[in-house]
Amino acid sequence: METPLGLAEEENIGVVRLFKEWHYVTTACVNIYHINSSTDMRALGTNGMKAAKVVGVRYFHELWNKEQPFTWNRCHRAIFAVFFGGLRPGKNHAGLSRTPDKKDLVIDPDLTKPLDRVAGIGFLRQDLKTFSTAMYFMCSDQPFRRVYLVRASLLNMKYIADHITAERKQGNIRDYTVIMVPRRLHVCELILENEGVLGHITLEEFHLHLFPLDTDLLSLEMPDIFKSFYLDGDLTHIHTVASSLVTLQHLYGWIPNIHTIGKGSKMVYDMMQAMQEEEQKQEAKFHIGYLFIIDRDVDYITPLCSPMTYEALLDESFGIQCGVIEFSAEVLAKPKSVKILLSSQDPIYVEIRDRHFSSVFPFLGAKAKELKTIYEKKNDLKTVGDMKNFVSQDLGRLKEHQTTLSYHISACEYIMKMKTQLDFESYIRTEHSLLDGTDTKDCIAYIEDCIYKQAPHLTTLRLLCLLSLTQDGLTPREYKSLKTDFLHSHGFEQLVTFFNLKKLGLLVEQSSGSKVTAVVTRRSQFRQLAGRLSLVPKSGEEVNLKEPDNLAYVYGGAYSPLTVRLVEYILLHESLQTYEDLGRQIAGGIYSDVKYRTTSKDLNIIVCTTSILTGQSLLEQVSEKKPI
């Protein structure tokens, strides 16, 4: 039997049940469909739900029936389509479809890549008068409704207020809608009110939380969190992080064992508890056994070190944004640049992403020979049926693999060329000496040499920060000398950079005498942690880079990431007293809420992050930009 939605009756029941579960994710659609436990789908109206079926219901229904974890691209796409479906004329099912006329749409540039990854920006360009991804664009002078989809930041609100004020002075009267992502902030409303434009705006919010970048990687794609929280002391994003983790629990059941490492992580945990107290009691079953929430400032050394795996070098050299990398025409020796998606869907990339860079080229060479051998089988085909099968099944796949292979070979050649120009071997040797705590004078001499030669300032800052973090801060004499030389070489505007680094505890000086500043005391535990958690391999210990059995291979055999070792340590040690002892050596300490322990050692690990940082991007956020 068919319902007004065009779905079978039992299918409709499944969709109703599914939308009830997804209420937590679709709170952004509160002005579209506010669905809760007392709402039936049929109450939404036939026309509205037919439209919802077209743009979203099938995605939800498929996700529910297959019960596939972390297939979040489909659910984000459905929510996105339902929310913005009203931007097309004639679809009166969304909160933005109150007027079916054409609209101007302005999207925050920081949102275009994440939204394009999960939903596709292309459909928004249809039936729009103006589509812009710049907050300083030239608007159309026609009286179309203007829709702003922006991060909830003070700067964006000021841009919007300036747009509206300028247009109204020119006599252009129109309706405005501002959609704040991931939620409405009172301080943003105050900015609009103080600018005198709040009365002309309809405010909405769109809760975009974790984006799936791969089968085991979810990200909020909010790189500004690091600077705003650790440098500016802004606690606004604590709610966003907590809300995304609570949503995760709504989808996959409560998490019995939660460990927080760092002060910010404890704040997130406390807010999660407050949010869950307001919700109904969750079911006893669970699919996620452990949750580790770790502050970035617990382990600054890991992003500052130079990774040696292929995927990490791609990110360092080209920049991976939302799982997409762009190879320039220069790299590929082609007329135009190419963007490719880096994920587990690419069989060649899966094989090389975690390999040490030294073993990537041999693999690619062997893969090229293998593809050539398969392609040459066409000469041995004797029947029409064999040729037909080869063309329909193998030919397209072979060409796709050959194209992908050529991209990776070109990327490897470019990386090797760049590393050769930067005297990478000397840099790595200095970095490893800093981690080992040996040849400190030679390391300082190399850093001074980089300053005098005006090497890229971020590269030099990475070494300076590593020197400070691994040597318990710099002596006043060293700090003053290196700082003065750096400012002479790169400009005195970098005084702000040094101030920021000192505030973060990345580059500090020891106080005169035996006493050390409070920040240095917090950061002076690296040597003890390195010994206790085996962060640095022992002298003479060889690390196999081709067939690794030691985590340190990621950094060329010199260092194992502290955050990974902490997780490993907590999982292997059951005593809470052990956690407390280790927590005394960690900034912010360790807090554990353990309700159920599993004896299984075969664990699947999913990484959720606010954004993916490299040493380069971390220092860019806190460095003073050179004047134009």
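Look a little higher up for the structure.
So, here is what we can say about the structure in this document. Throughout, residues of each chain are indexed from 1 in the direction in which the sequence is written. Reporting of local features is limited, given that this is a predicted model, to residues whose pLDDT is at least 70; pairs of side-chain atoms are given and counted only at 80 or more, and all residues count toward the totals for whole chains, interfaces and linings. The side-chain quantities take in all heavy atoms of the structure and omit both hydrogens and water.

**Topic: the sheet that holds strand 10 (residues 320-321)**
Note the cut-off: In this analysis, strands are considered paired if DSSP registers two or more bridges between them. Strands are runs of DSSP state E lasting at least two residues, helices are runs of H or I lasting at least four, and both sets are numbered from the N terminus onward.
Read across the sheet, 3 strands follow the order 10-11-12 without closing on themselves; strand pairing throughout is antiparallel. The sheet is open, and its two edges are formed by strand 10 and strand 12 (338-341), each paired on a single side. By the bridge criterion, 2 bridges tie strand 10 to strand 11 (residues 324-327) in an arrangement that is antiparallel. Bridge assignment links Gln-321 to a residue of strand 11, and that residue is Val-324.

**Regarding a nonpolar patch on the surface**
The condition is simple: Residues enter patches when their relative accessible area tops 30% and they take part in no salt bridge; the joining distance is 9 Å for like charges and 5 Å for the nonpolar side chains Val, Leu, Ile, Met, Phe, Trp and Tyr. Only the protein chains shown count as cover for residues, and all accessible areas are computed by the Shrake-Rupley method using a 1.4 Å probe. Here a salt bridge means any side-chain nitrogen of Lys or Arg lying within 4 Å of a carboxyl oxygen belonging to Asp or Glu. Only protein chains enter the area calculation, which uses a 1.4 Å probe; residues under 20% of their type maximum are buried, those over 50% are exposed, and those in between are partly exposed.
On the surface, Leu-603, Ile-605 and Val-607 cluster together into a nonpolar patch covering about 270 Å² of accessible area. Mapping Leu-603 onto the fold places it in the loop between strand 13 (590-594) and strand 14 (607-609). Relative accessible area serves as the criterion here: at 37%, Leu-603 is assigned to the partly exposed category.

**Details of the nonpolar core**
Which entries qualify depends on this criterion: What is meant by a nonpolar core is a set of buried Ala, Val, Leu, Ile, Met, Phe, Trp, Tyr and Cys residues, joined one to another through side-chain atoms within 4.5 Å.
With 85 residues, the main nonpolar core has Leu-506, Leu-535, Tyr-559 and Leu-619 as its most contacted residues. If one sorts the elements of this core by residue count, helix 18 (residues 457-470) sits on top with 8 residues. If you look at the next biggest cluster of nonpolar residues, it comprises 25 residues, including Ile-325, Val-331, Tyr-349 and Ile-352.

**Overview of the packing of aromatic side chains**
Threshold: Ring pairs shown here join Phe, Tyr and Trp side chains whose ring centres sit within 6.5 Å, with only the six-membered ring taken for Trp; geometry is labelled stacked below 30 degrees between planes, edge-to-face above 60, and tilted in between. Whether a charge sits over a ring depends on NZ of Lys or CZ of Arg being within 6 Å of the ring centre and within 35 degrees of the ring normal.
Taken as a whole and assessed by the stated rule, the structure comprises 11 aromatic pairs. Their ring planes at 20° and their centres at 6.4 Å tell us that Tyr-290 and Phe-292 sit as a pair that is stacked. What links up through ring pairs into an aromatic cluster is the set Phe-226, Phe-229, Tyr-230 and Tyr-300. Above the plane of the ring of Tyr-591 lies Lys-266, whose end atom (NZ or CZ) is 4.7 Å from the centre.

**What about the environment of Tyr-230?**
The condition is simple: It only takes one pair of heavy atoms within 4.5 Å for two residues to be counted as in contact. N or O atoms within 3.5 Å of each other form a polar contact, as long as, within protein, one can give a hydrogen and the other can take it, and as long as residues adjacent in sequence are counted only when both atoms are side-chain atoms.
Note on placement: Tyr-230 falls in helix 7 (residues 224-231). For Tyr-230 and Arg-296, which are 66 residues apart along the polypeptide, the C-alpha to C-alpha distance reads 9.0 Å. In this structure, Tyr-230 is in contact with Ile-225, Asp-295, Arg-296, Asp-297, Tyr-300 and Leu-504, ignoring residues within four places of it in sequence. Here the side chain of Tyr-230 touches Arg-296 through a polar contact of 2.9 Å, landing on its backbone nitrogen.

**Topic: the pairing of strand 4 (residues 176-181)**
When a strand is regular, its side chains alternate between the sheet's two faces. What counts here: Think of it like this: strands point away, you trace from the first strand over the helix to the second, and a clockwise trace means the crossover is right-handed.
Of all 6 residues in strand 4, 6 are buried; the element is thus mostly enclosed. Burial of strand 4 is two-sided: the residues Tyr-176, Val-178 and Met-180 facing one way and the residues Thr-177, Ile-179 and Val-181 facing the other way are all buried. Two elements, strand 3 (residues 145-151) and strand 4, share 6 bridges in a ladder whose sense is parallel. Bridged to Tyr-148 within strand 4 is Val-178. Relative to strand 5 (residues 201-205), strand 4 is paired through 5 bridges, and the arrangement is parallel. Looking across to strand 5, one finds that Val-178 is bridged to Leu-203. In this region the chain leaves strand 4, passes through helix 6 (residues 186-194) and returns to the parallel neighbour strand 5; the handedness of that crossover is right-handed.

**Here we look at the environment of Ser-358**
With respect to the helices, strands and loops of the structure, Ser-358 is situated in the loop between helix 13 (347-352) and helix 14 (360-375). Sequence separation of Ser-358 and Leu-545 is 187 residues, and the distance between their C-alpha atoms is 8.0 Å. Of the polar contacts made by the side chain of Ser-358, one reaches the side chain of His-356; its length is 2.8 Å.

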